[in-house]
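Chains, contacts and geometry: an overview
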Amino acid sequence: MIIRKATKKDMQSVLELIQELAIFEKEPDAVLVTVDDLVRDGFSENPLFQCFVAEEENNITGMALFYYRYSTWKGKTIHLEDLIVKESKRGTGAGFALYKEIIKQGKAENVRRIEWNVLDWNTAAIDFYKKSGAKILEDWRVVHMDEPGIVNFLSLTN
């Protein structure tokens with residue numbers, strides 16, 4: 001198994017992993033992103049994300065998609081959007097290798113924090129993160145506004 005930066009040609013496999021994650025997270029119809037979106041947004045002049053892949057025998061078995069953010073308290077940070085390993089390849093070390101690569105990237109880029117979200121029912125992931133030294137922030141809530149919410153808000157405030 002090798003860990004490497006993703007290329008445009010990997011985006012079909014990356015999308016398949018994203019769809020597998022959506023099924024795991026009990027939202028199989030939630031994925032709207034396409035291969036074209038991933039290629040455009042990840043490989044343009046100003047890419048919106050970067051991605052590492054785990055590859056075994058020319059097959060993508062996992063991926064870690066991340067982007068840089070800026071914290072008013074910490075400065076440059078990394079947001080790990082998703083770390084996904086094919087269900088059939090879990091337990092092979094691919095997830096750990098991708099996780100380590102993200103942390104190495106953070107160190108190389110001198111970020112002051114790497115952050116991500118985890119579902120409260122994903123106890124295996126939570127236990128792994130805690131054992132690795134990550135802190136689970138119990139008192140913070142994730143807030144987001146989806147596309148219908150954006151449209152609704154703007155229609156109410158105009």
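Below: a short report on this structure. (Residues numbered from 1 in each chain as written. Predicted model: local features only at pLDDT ≥ 70, side-chain atom pairs only at ≥ 80, totals over all residues. Heavy atoms only, no water.)

1. Brief notes about the pattern of salt bridges
Rule in force here: Each salt bridge in this description consists of a side-chain nitrogen of Lys or Arg and a carboxyl oxygen of Asp or Glu lying within 4 Å of one another. Secondary structure elements follow DSSP: runs of H or I of four or more residues count as helices, runs of E of two or more count as strands, with numbering from the N terminus. The rule is simple: take the accessible area with a 1.4 Å probe, protein chains only, and divide by the maximum for that residue type; under 20% is buried, over 50% is exposed, in between is partly exposed.
The final tally for this structure, using the stated rule, is 10 salt bridges. The residue Arg4 makes a salt bridge to Glu55 at a minimum N-O spacing of 3.1 Å. Placement of the pair is Arg4 in strand 1 (residues 2-5) and Glu55 in strand 2 (residues 50-56), with a sequence separation of 51 residues. The salt bridge involving Asp41 is made with Arg40; its shortest N-O contact spans 2.9 Å. Overall, Arg40 belongs to the partly exposed group, its relative accessible area being 49%. Salt bridges here are not isolated pairs; linked through shared partners, they connect Arg4, Asp10 and Glu55.

2. Section: the nonpolar core
Our working definition: Put simply, buried Ala, Val, Leu, Ile, Met, Phe, Trp, Tyr and Cys residues joined by side-chain atoms within 4.5 Å make one nonpolar core. In this analysis, two residues are considered to be in contact whenever any of their non-hydrogen atoms come within 4.5 Å of each other.
Counting 15 residues, the largest nonpolar core has Val14, Leu38, Cys51, Val53 and Met63 as its most contacted members. Secondary-structure elements contributing two or more residues to this core are helix 1 (11-24), strand 2 and strand 3 (59-71). Here this core gets six residues from one element, more than from any other, and that element is helix 1. The contacts of Cys51, once residues within four sequence positions are left out, are Arg4, Lys5, Ala6, Val14, Met63, Ala64, Leu65 and Phe66. Ranked by size, the runner-up nonpolar core spans 11 residues in total, among them Phe52, Ala54, Ala64 and Ile78.

Don't take any of this as a statement about function, it's just geometry.
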